[in-house]
Amino acid sequence: MSRSVLEAIKHGDWNFEPSGQQVVNLKATAALPGTTEKLDVLAERLKLGLPLWHPSDRRSYDDGVVNDSQDDVAGSKKAAG
């Protein structure tokens, strides 16, 4: 059983999510997949030990924008700093 994201990757456990974290603690992002903005959000989530994916994260251009009340992790950090 994997205990970290890096360990899960080494074992090919692509469905791994860190224990003790719930989606409710994670805000969705409107950043498009593959963009620097999305990669920054994923890197920040990884750094904080949060799950990488939120069910409401934007998955394609057609998904539109996520509700304004759901700021992404990196966006919230930039606004605060």
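Let us look at the structure shown here. (Residues numbered from 1 in each chain as written. Predicted model: local features only at pLDDT ≥ 70, side-chain atom pairs only at ≥ 80, totals over all residues. Heavy atoms only, no water.)

### Looking at the overall build of the protein chain
So, point 1. Within the protein chain one finds three helices and zero strands.
So, point 2. Of the regular secondary structure in the protein chain, the N- to C-terminal order runs α-α-α.
So, point 3. In the protein chain, which comprises 81 residues, the share counted as buried stands at 28%.
So, point 4. Counting contacts in the protein chain only where the partners sit at least 6 residues apart, residues at least 24 apart contribute 59% of the total.
So, point 5. Element-wise, carbon and sulfur atoms account for 54% of the exposed surface of the protein chain, whose accessible area totals about 5,800 Å². (Helix = DSSP H or I, 4+ residues; strand = E, 2+ residues; numbered from the N terminus. Buried < 20%, exposed > 50% of the residue type's maximum accessible area, 1.4 Å probe, protein only. Contact = heavy atoms within 4.5 Å. Areas by Shrake-Rupley, 256 points an atom, 1.4 Å probe, with all protein chains shown as cover.)

### A short note on the pattern of salt bridges
Any two side chains of opposite charge can pair, given that their charged atoms come close.
So, point 1. Counting across every chain of the model gives two salt bridges.
So, point 2. Across the pair Lys38 and Asp57 runs a salt bridge, and its minimum N-O distance is 3.9 Å. Highlighted residues: Lys38 in helix α2 (residues 36-47) and Asp57 in the loop between α2 and α3 (73-80), separated in sequence by 19 residues.
So, point 3. With its nearest N and O atoms 2.7 Å apart, the salt bridge here joins Asp57 to Arg45. On the criterion of sequence distance, the pair formed by Asp57 in the loop between α2 and α3 and Arg45 in helix α2 is long-range, its members being twelve residues apart.
So, point 4. Overall, Arg45 belongs to the buried group, its relative accessible area being 0%.
So, point 5. Salt bridges here are not isolated pairs; linked through shared partners, they connect Lys38, Arg45 and Asp57. (Salt bridge = Lys/Arg side-chain N within 4 Å of Asp/Glu carboxyl O.)

### Considering α2
So, point 1. With twelve residues, α2 extends 16 Å between its outermost C-alpha atoms, agreeing within 8% with the 16 Å of an ideal straight helix rising 1.5 Å per residue.
So, point 2. All of the buried residues along α2 are Lys38, Val41, Leu42, Glu44 and Arg45. Seen from one end, α2 has its buried residues packed into an arc of 160°, which puts them on one side. Residues Thr36 and Lys47 are exposed on α2 and point more than 90 degrees away from its buried face.
So, point 3. Backbone geometry just downstream of α2 places Gly49 in the positive-phi region, at approximately 75°. (Expected span 1.5 Å × (residues − 1). Arc of directions from axis to C-beta.)

### Overview of the side chain of Arg58
So, point 1. Along the polypeptide, Arg58 turns up in the loop between α2 and α3.
So, point 2. Take Arg58: its relative accessible area is 11%, and that puts it in the buried class.
So, point 3. In terms of polar contacts, Arg58 uses its side chain to reach the backbone carbonyl oxygen of Tyr61, at 3.0 Å. (Polar contact = N/O pair within 3.5 Å; in protein donor to acceptor, adjacent residues only side chain to side chain.)

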